[in-house]
Amino acid sequence: AQTVTQSQPEMSVQEAETVTLSCTYDTSESDYYLFWYKQPPSRQMILVIRQEAYKQQNATENRFSVNFQKAAKSFSLKISDSQLGDAAMYFCAYFTIYAGGTSYGKLTFGQGTILTVHP
Amino acid sequence: GAGVSQTPSNKVTEKGKYVELRCDPISGHTALYWYRQSLGQGPEFLIYFQGTGAADDSGLPNDRFFAVRPEGSVSTLKIQRTERGDSAVYLCASSLTPGNEQFFGPGTRLTVL
């Protein structure tokens, strides 16, 4: 079974600084997707960034970038120039469509990291 | 509406009662997912529909939980004989097809007293 681990329950950063959130995962599959989601207090889960496992190039979305290390099964999120609006719970998630010939549709989430941004 | 909607936003019920939670996916999305999120935890998968059929219900915790999607659009998650341990936020998501980005609704917070 796939597992996703976020070892940092809480992180904090000063506004305009950079912060990195860690994520590791375990899978025997070679083709999968990894995501970072943001969940503010409103509960709305928002996709921040997506990485396809077959792509060697790290994904980037404006101030958000990832460091994807496939061999190490590591997928960290870097937030540059942090803003007050970045404060939220962040979840790392794993997705695969097929595993062992069986179709799957589910996301597997980590435990989450609460990010606080100090002005 | 452009996004996934869920009703009710909050539901308070008593132990032993029956509840129904509704999810309206984005129009045209064939895949629909239910997740359960306990306080301070990540969402956990419950069930996934492709069209009208449940393609994977391996996450349903027991037979008190049941979900339907009779016309391939709206889905209802049904919980019988609710227990205090069922208290959580129930999230629904939809995607154009399996493998595409999942768009989440705001969730229903269920409290069982």
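Anyway, here's the lowdown on the structure attached to this text. (Residues numbered from 1 in each chain as written. Chains lettered and ligands numbered in written order. Predicted model: local features only at pLDDT ≥ 70, side-chain atom pairs only at ≥ 80, totals over all residues. Heavy atoms only, no water.)

1. Details of the packing of aromatic side chains
Residue and element names in this part refer to chain B. Going through the model one piece at a time under the given rule, you end up with 17 aromatic pairs over all chains. Ring centres 5.6 Å apart and planes at 40 degrees place the aromatic pair Tyr35 and Phe104 in the tilted group. Note that Tyr35 is positioned in strand S4 (residues 31–37) and Phe104 in strand S10 (residues 103–104), a separation of 69 residues in sequence. Of the two residues, Tyr35 and Phe104, both sit in the buried class. (Phe/Tyr/Trp six-rings, centres within 6.5 Å; stacked < 30°, edge-to-face > 60°. Helix = DSSP H or I, 4+ residues; strand = E, 2+ residues; numbered from the N terminus. Buried < 20%, exposed > 50% of the residue type's maximum accessible area, 1.4 Å probe, protein only.)

2. Concerning the sheet that holds strand S7 (residues 65–68) of chain B
All names here are of chain B. As summarised here, the arrangement of the 4 strands in space is S1-S3-S8-S7, forming an open sheet in which the pairing is antiparallel. Every interior strand has two partners, whereas the edge strands, strand S1 (5–7) and S7, have only one. On average, adjacent strands in this sheet sit at an angle of 15 degrees to one another, irrespective of strand direction. Where strand S3 (residues 19–24) meets strand S8 (residues 75–79), 5 bridges bridge the pair, whose relative direction is antiparallel. Note that in S8 the partner of Val19 across the bridge is Ile79. (Pairing = 2+ DSSP bridges. Axes fitted to C-alpha atoms, helices over the stretch in contact; angles between N-to-C directions.)

3. Looking at the pattern of salt bridges
Within the structure shown, the criterion is met by 7 salt bridges over all chains. As a salt-bridge pair, Arg64 of chain B and Asp86 of chain B come within 2.8 Å of each other at their nearest N and O atoms. Remark: Asp86 of chain B occurs in the loop between S8 and strand S9 (88–95) and Arg64 of chain B occurs in the loop between strand S6 (53–56) and S7; sequence separation between them is 22 residues. Across this residue pair, the class does not change: Arg64 of chain B and Asp86 of chain B are buried. One salt-bridge network, in which partners are shared between bridges, spans Arg50, Glu52 and Lys55 of chain A. (Salt bridge = Lys/Arg side-chain N within 4 Å of Asp/Glu carboxyl O.)

4. Quick notes on the state of the cysteines
Under the criterion given, the structure shown has 2 disulfides over all chains. A sulfur-sulfur distance of 2.0 Å marks the disulfide that ties Cys23 of chain A to Cys92 of chain A. Here the S-S torsion is close to -70 degrees, and the disulfide linking Cys23 of chain A with Cys92 of chain A is therefore left-handed. In this pair, Cys23 of chain A sits in the loop between strand S3 (19–21) and strand S4 (24–26) while Cys92 of chain A sits in strand S10 (residues 88–95), placing the two residues 69 residues apart along the sequence. According to the relative accessible area criterion, Cys92 of chain A is buried, its value standing at 0%. Here Cys23 of chain B engages in a disulfide with Cys92 of chain B; their sulfurs sit 1.8 Å apart. Taking the sign of the S-S torsion, about -65 degrees here, the bridge from Cys23 of chain B to Cys92 of chain B comes out left-handed. Linking Cys23 of chain B in strand S3 with Cys92 of chain B in strand S9, this pair joins segments that are 69 residues apart in sequence. (Disulfide = S-S within 2.5 Å.)

5. Thoughts on the interface of chain A and chain B
Counting residues at the interface gives 20 residues for chain A, matched by 26 residues for chain B. Both sides together, the interface formed by chain A and chain B hides about 1700 Å², and carbon and sulfur atoms give 51% of it. Summed over the shared surface of chain A and chain B, the number is 0 salt bridges. Counting the contacts that link chain A with chain B gives 6 residue pairs in polar contact (both at pLDDT 80 or more). Mapped onto the side of chain A that touches chain B, the elements with two or more residues apiece are strand S5 (33–39), strand S6 (46–52), S10 and strand S13 (107–109) of chain A. By residue number, the principal contributor to the side of chain A that touches chain B is S10 of chain A, which donates 3 residues. Each residue belonging to the side of chain A that touches chain B can be placed in one class, and the counts come to 10 nonpolar, 7 polar and 3 charged. (Contact = heavy atoms within 4.5 Å. Buried area = accessible area lost by both parts, 1.4 Å probe. Polar contact = N/O pair within 3.5 Å; in protein donor to acceptor, adjacent residues only side chain to side chain. Nonpolar A, V, L, I, M, F, W, Y, C, P; charged D, E, K, R; others polar.)

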